[in-house]
Amino acid sequence: MNDVDDVDDFDDVDALNALWRTVLFDGFLGKDTLRGSMDTLLHDLRVAIRAFAKTPAFAALTIGTIALGVGATTAIFSVVDGVVLRTLPYPDPDRIVRVYQVAEDRGANNFSDANFADVREQSRSFEAVAQASTAIVPASIEGEAIRAMTASVSRDFFRVMGVQPLAGRAFVEEEQRVGGARAVVISHDYWRERFGGSREVVDRSIIIDGQPHRIVGAMPSEFAFPDGAQLWVPRELRPVLPSRTAQNWRVYGRLRPNVSLEQANQEIDRIARDLKQLHGRDTWMTSASAVELREQLVGSVRPRLLLMLGAAGFLLIIACANVLNLLLARASARQRELAVRIALGATHARVLRQSLTEALVLAVAGGG
């Protein structure tokens, strides 16, 4: 057997396995068996815990420093991950946009009913566009008075978001007209907390702003848009205002698969300019623009969150440096102890492993 790497020379599988055990355990763990190594590790852990019990001030200071650095960084990263890094929980979220009407002296704003209707009819860039407006309104569920974030949404709103009720259905034609049947879709939280998640929630009633509304559906758990909405009602129950300066409605759209955001912006800008030329002073809209929904939601806070994450990371570095200084100071104070252990026969590798075990105990305690 001249070459250990030539597996074909081994006819005996047991011999091959014995060789690998020798390489793995004897090569990395010295002459100890795996059981012996585990016993040694447990012994090192007990020694480390006893040592820290004798110096509680050092242990508390070191663990507290680690906890401060790790805790602050973890907390800030959790916020950044949830707000900035994760995509929106909707199908093809990069195709969902917020559409603004723009005025020269008022900037980007909500849409009026009339301008929205014209943009919806003339635009070919969107699969669907919809209006939405939210307000906290008084409501009553099974006799219990509450205040609920209620969203008035126009037809195609759920199509724009790519989400449909988990139980029941969305609104139908007879519920999407002035004087139509009053219907409501409830949030997943309301469905679970108020009705126990029962499928029989459909056809039950909620009093919203003094008017009974029939529950027709319940949304999935991840959907609470816009503004953490808890109830959704048809926008069409409210009459359309003819004024082009009544900027009451947020507008959301879903781009067609073959249309880019730039192309959509060019089209709606042209439509807005044509409407301004046609209606003059009757409309404040001089242009229009679309922004990715994700960018609209987090764009203004992203720089601040990233700055906070950087500051937290810098704090973690400072914490690590402080812990390192504490460990070096402790090692310096233990020189005599370490010299005695080496004189009694402990190898440098054995002393190093004990030191690493102590560092591991501090890291786990502080991180936990």
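For clarity, every value in this text was computed on a predicted model and none was experimentally measured.

Helix and strand content of the protein: 11 helices and 11 strands. By residue count, 39% of the 368 residues in the protein fall in the buried class. Long-range pairs, those at least 24 residues apart, make up 75% of the contacts in the protein with a sequence separation of at least 6. Of the roughly 20,600 Å² that the protein leaves accessible, carbon and sulfur atoms contribute 57%.

Another aspect to go through is the confidence of the model for the protein. Residues at a pLDDT of 70 or more form 86% of the protein, whose mean pLDDT is 83. When the criterion is pLDDT under 50, residues 1-11 qualifies, and its contacts beyond four places in sequence or with other chains add up to seven contacts. Considering only residues more than four positions removed or in separate chains, one finds that residues 22-32, a stretch of pLDDT under 50, has 13 contacts.

The next subject is the packing of helix H4 (residues 113-122) against helix H7 (residues 261-279). It is at 10 Å that the axes of H4 and H7 come closest, and there the two elements cross at 130°. With respect to H7, the axis of H4 lies oblique. The handedness of the crossing between H4 and H7 is right-handed. Seen from H4, the contacting residues are Asn115, Asp118, Val119 and Gln122; seen from H7, they are Glu267, Ile268, Ile271, Leu275 and His279. For the contact of H4 with H7, the residue count by class is four nonpolar, three polar and two charged.

What follows concerns the pattern of salt bridges. Applying the stated rule across the entire model yields 12 salt bridges. Close ionic contact of Glu175 with Arg214 constitutes a salt bridge, the shortest N to O distance being 3.9 Å. Of the two residues, Glu175 sits in the loop between strand E5 (167-168) and strand E6 (183-186) while Arg214 sits in strand E8 (residues 211-218), which places them 39 residues apart along the sequence. Its relative accessible area of 1% is what places Glu175 among the buried residues. Salt-bridge contacts for Arg250 lead to Asp227; the nearest nitrogen and oxygen are separated by 2.7 Å.

Right, let's talk about helix H9 (residues 302-333) for a bit. Its 32 residues place the ends of H9 47 Å apart at the C-alpha level, agreeing with the 46 Å of an ideal helix rising 1.5 Å per residue. Along H9, the residues that are buried comprise Leu305, Ala312, Ala319, Val323 and Arg330.

For the rest of this paragraph, the subject is the pairing of E8. Where E5 meets E8, two bridges bridge the pair, whose relative direction is antiparallel. The partner of Ala167 across the bridge, within E8, is Ala218. As paired strands, E6 and E8 are joined by four bridges and run parallel to one another. When the sheet's bridge partners are listed, Ile186 is paired in E8 with Ala218.

In this section: the layout of surface pockets. When its volume is computed, the largest pocket comes out at roughly 300 Å³. Forming the boundary of the largest pocket are 15 residues, of which Thr150, Ser152, Asp209, Val233 and Arg238 lie nearest the centre. Counting only elements with at least two residues in the lining of the largest pocket, the list comes to strand E3 (126-141), strand E4 (144-153), E8 and strand E9 (231-234). When its residues are assigned to classes, the lining of the largest pocket shows six nonpolar, six polar and three charged.

The next subject is the environment of Val361. Following the sequence through the fold, Val361 ends up in helix H11 (residues 348-367). Expressed as a C-alpha distance, the spacing of Val361 and Phe52, which sit 309 residues apart in the sequence, is 9.6 Å. The residues touching Val361, leaving out its near neighbours within four places in the chain, are Leu45, Ala48 and Phe52.

Here we come to H4. Looking at H4, one finds that the buried residues are Asp113, Ala114, Asn115, Phe116, Asp118 and Val119. In this structure, the buried residues of H4 make contact with strand E1 (96-103), E3, strand E10 (250-255) and H7.

Below, the discussion takes up the packing of aromatic side chains. Scanning the model with the defined rule gives nine aromatic pairs in all. Taking the centre distance of 6.5 Å and the plane angle of 65° together, the rings of Tyr90 and Phe225 count as edge-to-face. Here Phe225 lies in the loop between E8 and E9 and Tyr90 lies in the loop between helix H3 (56-85) and E1, a separation of 135 residues in the sequence. Comparing Tyr90 with Phe225, the two get one shared label, buried. With 6.1 Å between their ring centres and 40° between their planes, Phe158 and Phe171 make a pair best called tilted. Of the two residues, Phe158 sits in helix H5 (residues 157-161) while Phe171 sits in the loop between E5 and E6, which places them 13 residues apart along the sequence. The same class applies to Phe158 as to Phe171, namely buried. These aromatic residues form a ring-pair network of at least three members: Tyr90, Phe157, Phe158, Phe171, Phe223, Phe225, Trp232 and Tyr252.

Parameters at a glance
Residues numbered from 1 in each chain as written. Predicted model: local features only at pLDDT ≥ 70, side-chain atom pairs only at ≥ 80, totals over all residues. Heavy atoms only, no water. Helix = DSSP H or I, 4+ residues; strand = E, 2+ residues; numbered from the N terminus. Buried < 20%, exposed > 50% of the residue type's maximum accessible area, 1.4 Å probe, protein only. Contact = heavy atoms within 4.5 Å. Areas by Shrake-Rupley, 256 points an atom, 1.4 Å probe, with all protein chains shown as cover. pLDDT = per-residue confidence, 0-100. Axes fitted to C-alpha atoms, helices over the stretch in contact; angles between N-to-C directions. Parallel < 35°, antiparallel > 145°, perpendicular 65-115°, else oblique. Left-handed = near helix turned anticlockwise from the far one by under 90°. Nonpolar A, V, L, I, M, F, W, Y, C, P; charged D, E, K, R; others polar. Salt bridge = Lys/Arg side-chain N within 4 Å of Asp/Glu carboxyl O. Expected span 1.5 Å × (residues − 1). Pairing = 2+ DSSP bridges. 1 Å grid on protein atoms, 1.4 Å probe; cavity = no way out; pocket = protein on both sides within 12 Å on 5 of 7 lines; lining within 4 Å. Points joined across faces, edges and corners; volume = space filled by probe spheres on them. Phe/Tyr/Trp six-rings, centres within 6.5 Å; stacked < 30°, edge-to-face > 60°.

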